[in-house]
Amino acid sequence: MGGLAAAHCLGHAGHKVTLLESAAALGEVGAGIQVSPNVSRLLRRWGAGDALERVAVRPQAIVLRRYDTGERVAYTRWDDMEARFGAPYYHVHRADLHRLLFDLARPYMTLRLKSTVVAVDPDAPSVTLASGEVVRGDLIVGADGVKSMIQRVVLGHTNPAEPTGDAVYRAIVPAHLLLEDPELRPFVETPEMTGWMGPGRHIMAYCIRAKKEYNIVLAHPDDGSVESWTAEGSADKMRADFADFEPRVRKLLGFVQSTLKWRLMDRQPLPTWIHPAHKVVLLGDACHPMLPYRAQGAAMAIEDAAVLGGLLARLRAPAQLPALLRAYEALRRPRTAETQAQSRLNQRIFHLEDGEAQRERDAAMRRAMEGEETLEGSPNQWADRRKNAVQFAYDADKEVERWWREVGERTVGALAAEEGAGEVGADAEGAEGAEGERVRSRL
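Reading the values: the criteria
Residues numbered from 1 in each chain as written. Predicted model: local features only at pLDDT ≥ 70, side-chain atom pairs only at ≥ 80, totals over all residues. Heavy atoms only, no water. Helix = DSSP H or I, 4+ residues; strand = E, 2+ residues; numbered from the N terminus. Rg over C-alpha atoms; globule rule 2.2 N^0.38 Å. Buried < 20%, exposed > 50% of the residue type's maximum accessible area, 1.4 Å probe, protein only. Contact = heavy atoms within 4.5 Å. Areas by Shrake-Rupley, 256 points an atom, 1.4 Å probe, with all protein chains shown as cover. Lys, Arg positive; Asp, Glu negative; His and termini not counted. Charge placed at Lys NZ, Arg CZ, Asp CG, Glu CD. Pairing = 2+ DSSP bridges. Axes fitted to C-alpha atoms, helices over the stretch in contact; angles between N-to-C directions. Salt bridge = Lys/Arg side-chain N within 4 Å of Asp/Glu carboxyl O. Phe/Tyr/Trp six-rings, centres within 6.5 Å; stacked < 30°, edge-to-face > 60°. Expected span 1.5 Å × (residues − 1). Arc of directions from axis to C-beta. Parallel < 35°, antiparallel > 145°, perpendicular 65-115°, else oblique. Left-handed = near helix turned anticlockwise from the far one by under 90°. Nonpolar A, V, L, I, M, F, W, Y, C, P; charged D, E, K, R; others polar.

> What's the story with the overall build of the protein in this structure? I'm lost.
For the protein, the count of helices and strands is 15 helices and 19 strands. Taken against the 2.2 N^0.38 rule, which gives 22 Å for 443 residues, the C-alpha radius of gyration of the protein at 22 Å falls within 12% of a compact globule. Scored against the burial criterion, the 443 residues of the protein give a buried share of 60%. Residue pairs in contact within the protein that sit at least 24 positions apart in sequence constitute 75% of those at least 6 positions apart. When the accessible surface of the protein is split by element, carbon and sulfur atoms take 49% of a total near 16,900 Å². Placing the 57 positive and 62 negative side-chain charges of the protein at their respective mean positions leaves the two points 2 Å apart.

In structure tokens:
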């Protein structure tokens, strides 16, 4: 996602972009994904609004329920997102979003498939492919996902991964099966993101593909899975893991024929995203992988691309590049680190064991739902007005404009003694199609 968005933004800014992808083809990978207003505003601005509307679903609300009874514990409206934040909230299939980003990037990039990067010279800069070919540019943008090879080049080591103790099942059910059951029909007719919170586990489910499919994500204690978007799980084991959930959940899971299983690993914020030579920079999961509990992983990568593209659109001479890359990191790193922290918090909130802490959580969520107290600090983070404003009202383009007006024009602008020419590159491994691009671009 991040590499394609970067290819679009850098290409639109006037740079020549080559995207290196290790996979032999770009295929359909993954399941549902959430496109919040901080991203949908960018996609609309880039001209993809109509295409997104055709394949997406606008959820009316988020509803959180008790796992064993289905009792509603929390409710927050989402159908007013556009009025509040200037852009809507969508649910889509990951493959549909990937296709949309590919269509945006295609006019601006040269795509090279089966181009696995095996070595990087950060000073040249250049990358060496498995074929032995050396590809040169002026900047390498590492968008190669959670197992980033480019991250090792930037840091000199790999940022260690810490087990969360959770794994996730992902499954998609044809929506017509729900429509045929009176108990399940409301999940399609009234599209909401429905969550069931239970001891050590939770489920999130919502409609995608214009309400033709129903996406289900089930977090549970890890029992030896792997960190992968494509590893298959056992549907029977999934049903057994959630056998104590309410009858409607058991009905939903009865429709599941196959499932993907993904181990959730956590990583702390990096000390830097930029190699000291200022010719290699990281983007997306390569520098800030997100746990899924806040549904902001793709959003942060796309925001990164918009900020990097907006800054490099102002590049007039090679001497400006180091300062612009430092501005990119300064603008993005605090926001992505805070979003990572919010994701970790939701894991703890959703998975409380039955008992006093769980009852206090539920009571606080109900008070927020009923408007009996300020929503700031609510355990339902989507009911927290301050967090919503910070997360969803964010405009990556305006952040770049503000920085340029207040800082960049005076400091970086002065470095442009003469116009420069060169190439910029972005790199991502894409072994599983998640973020498998490497971009190169002419400055």
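> Just to check I follow, could you spell out the sheet that holds strand β8 (residues 126-129) for this structure?
Strand-to-strand pairing in sheets goes through backbone hydrogen bonds, with the strands running parallel or antiparallel. Across the sheet, which stays open at both edges, the three strands sit in the order β7-β8-β9 with antiparallel pairing between neighbours. The sheet is open, and its two edges are formed by β7 (117-121) and β9 (134-136), each paired on a single side. Each strand axis lies, on average, 25° off the axis of its neighbour in the sheet, ignoring direction. Relative to β8, β7 runs antiparallel, the two sharing four bridges.

> Which parts of the structure should I look at to understand the pattern of salt bridges?
Pairing is possible between side chains of opposite charge, provided their charged atoms come close. According to the stated counting rule, one finds 32 salt bridges in the structure shown. Where Asp79 meets Arg77, a salt bridge forms, and the shortest distance between an N and an O atom there is 2.9 Å. In the salt-bridge network here, residues are joined through shared partners; they are Arg44, Glu53, Arg58 and Glu82.

> How should the packing of aromatic side chains be read in this particular structure?
To describe a pair of aromatic rings, you give the distance between the ring centres and the angle between the ring planes. Inspection of every chain in the model, using the stated rule, returns 11 aromatic pairs. Seen from their ring centres, Phe85 and Phe392 are 5.9 Å apart, and the 65° between their planes marks the pair as edge-to-face. With Phe85 in helix α4 (residues 81-85) and Phe392 in helix α14 (residues 385-392), this pair connects stretches of sequence that are 307 residues apart. When sorted by exposure, Phe85 lands in the same class as Phe392, which is buried. Here Tyr89 and Phe392 contribute two aromatic rings whose centre-to-centre distance is 5.9 Å and whose plane-to-plane angle is 85°, an arrangement assigned as edge-to-face.

> What is the right way to look at helix α13 (residues 356-369) in this model?
Think of an α-helix as 3.6 residues a turn; residues three or four steps apart then line up on the same face. Under the 1.5 Å per step criterion, the end-to-end length of α13 is 20 Å for 14 residues, consistent within 8% with the ideal 20 Å. Within the sequence span of α13, burial applies to Gln358, Arg361, Asp362, Ala364, Met365 and Ala368. The buried side chains of α13 occupy one side of the element, clustering within an arc of 160° when seen end-on. Tucked inside the fold, the buried residues of α13 contact β3 (61-66), β4 (72-77), β12 (193-198) and α12 (321-350). Just downstream of α13 lies Gly371, where phi reads positive at about 70°.

> I'm lost on the packing of helix α2 (residues 37-45) against helix α11 (residues 297-312) in this one. Help?
Angle between the axes and distance between the axes are the two parameters that describe a pair of packed helices. The geometry of α2 relative to α11 is characterised by a closest axis approach of 9 Å and an angle of 45° between their N-to-C directions. Here α2 lies oblique to α11, going by the angle between them. Both α2 and α11 take part in a crossing whose hand is left-handed. Between α2 and α11, the contacting residues are Asn38, Val39 and Leu42 on the first element and Ala299, Met300, Ile302, Glu303 and Ala306 on the second. Broken down by class, the residue content of the contact of α2 with α11 amounts to six nonpolar, one polar and one charged.

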